[in-house]
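One letter stands for each residue in the lines below.
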Amino acid sequence: MTKITPQPGIMDIALYQGGQSHVAGVKHVIKLSSNENPFGPSPKAIEAVRDSAATLNCYPSTDHASLRDAIGTRHGLNPARIICGVGSDEVLQFVAQAYAGPGDEVIYTEHGFSMYPIIARMVGATPLMVAEKNRHVDVDNVLAAVTDQTRIVFVTNPGNPTSTMIPEAELVRLAEALPQTCLMVVDGAYAEFVADFDGGAALVDRFENVVMTRTFSKIYGLGGMRVGWGYAAQSIIDVLNRVRQPFNLSLTALVAAEAAIRDEDYLTFCHSENARLRVWLSEELAKVGVPSDASCTNFILVRFEDQAEAEACDDYLKTKGLIVRRVAGYNLLNALRITVGDEEACRRVVAAITAFKGGAT
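Below: a short report on this structure. (Residues numbered from 1 in each chain as written. Predicted model: local features only at pLDDT ≥ 70, side-chain atom pairs only at ≥ 80, totals over all residues. Heavy atoms only, no water.)

## As for the pattern of salt bridges
No. 1: As enumerated under the stated definition, the model contains 21 salt bridges in all.
No. 2: The shortest N-O distance in the salt bridge between Arg 262 and Glu 258 comes to 3.2 Å. Here Arg 262 and its partner Glu 258 are both found in helix α9 (residues 251-262), 4 residues apart, which amounts to about one turn of the helix.
No. 3: Ionic pairing is found between Glu 311 and Arg 326, a salt bridge with its closest N-O pair at 3.8 Å. With Glu 311 in helix α11 (residues 307-319) and Arg 326 in strand β11 (residues 325-326), this residue pair connects regions lying 15 residues apart in the sequence.
No. 4: Here the residues in one salt-bridge network are Glu 311, Asp 314, Asp 315, Lys 318 and Arg 326, joined through shared partners. (Salt bridge = Lys/Arg side-chain N within 4 Å of Asp/Glu carboxyl O. Helix = DSSP H or I, 4+ residues; strand = E, 2+ residues; numbered from the N terminus.)

## Re the environment of Ser 52
No. 1: Within the element layout of this structure, Ser 52 appears in helix α1 (residues 43-52).
No. 2: Judged by its relative accessible area of 5%, Ser 52 falls in the buried class.
No. 3: Counting along the chain gives 251 residues from Ser 52 to Arg 303, while the straight-line C-alpha distance between them is 44 Å.
No. 4: The contact partners of Ser 52, leaving out residues within four places of it in the chain, are Leu 251, Thr 252 and Val 255. (Buried < 20%, exposed > 50% of the residue type's maximum accessible area, 1.4 Å probe, protein only. Contact = heavy atoms within 4.5 Å.)

## Quick look at the nonpolar core
No. 1: Ranked by internal contacts, the top residues of the largest apolar core, which has 53 residues, are Met 184, Leu 203, Phe 216 and Trp 229.
No. 2: Counting residues per element, this core draws most heavily on α9, which supplies 7 residues.
No. 3: If sequence neighbours within four positions are ignored, Leu 203 has contacts with Leu 171, Val 172, Ala 175, Met 184, Val 186 and Val 210.
No. 4: Phe 113, Ala 125, Val 185 and Val 211 belong to the second-largest nonpolar core, a separate cluster that totals 31 residues. (Core = buried A, V, L, I, M, F, W, Y, C linked by side-chain atoms within 4.5 Å.)

Keep in mind these numbers describe shape, not what the thing actually does.
Spelled out as structure tokens, the structure:
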């Protein structure tokens, strides 16, 4: 009897763990573990979703032309060089499917998004983790790890779960030094939270082997719709579209994303509130001995004396109905990642951590 076995590397994949949503015995919780927009999606996106209900019997477009046009208009990009996916995760997967395989290496950094090694193993490639320096990507370490077998370098900017950024000059230095046989993927899921930042678009225009990815799951509040996109040279987009399923995005997801990206007033509101509350939250927690790096995202990464204290604080927060994210799996043993919620949520977090640090039980 023939035994059916998976492809090499598949069983080495550790299952991705999403942010916790429930606490046993606690009825009303505030979820601050998945970096969701606390203000929800644009009202215009909600209206578009409702209007789409009457046409759910119809297949969506296969080329996503209307959404790509809206993205191009918003960011000043050529729509023909944009590809849309089921979250930016799927676009990252397209890149690996098209450009890496058995015998190839995929580089990611120590505290980078945990999907990178998973995606590498999905296609039979070997993931290689490179050390960061004080929770920042170290370009020299990345370049030292590059070999003739390196096909993809994943760089999260701003970082998740670190919240830190790589200076543009360092990104340029990395792109200039990489061989033309290697793609550099700039994952900009949190780019909209940074003022006057193009997420890597200028790099794509300058270097043919750079790919930029973005998502609608964060500032646009459409995590439940799963829409992301990528921008690259036309030759790369042509390749990626050959591995993309024609109906990968639903009609409802497409209209929601288009309405969201066209609502610039709501985007401005979400950016402003996040920036204001992010600074307040980090400053207040620093006052009670819980520091964090300057954040460029919609979350902060707070640090404790050791892993035991971080886990004890997490347990205490749960008793107060506050769910944050442990990040020991990202080799950040003494830290917790806390989404910047609305003002009430931020005040509850500060009050709870203040009580915890004061020895409250």
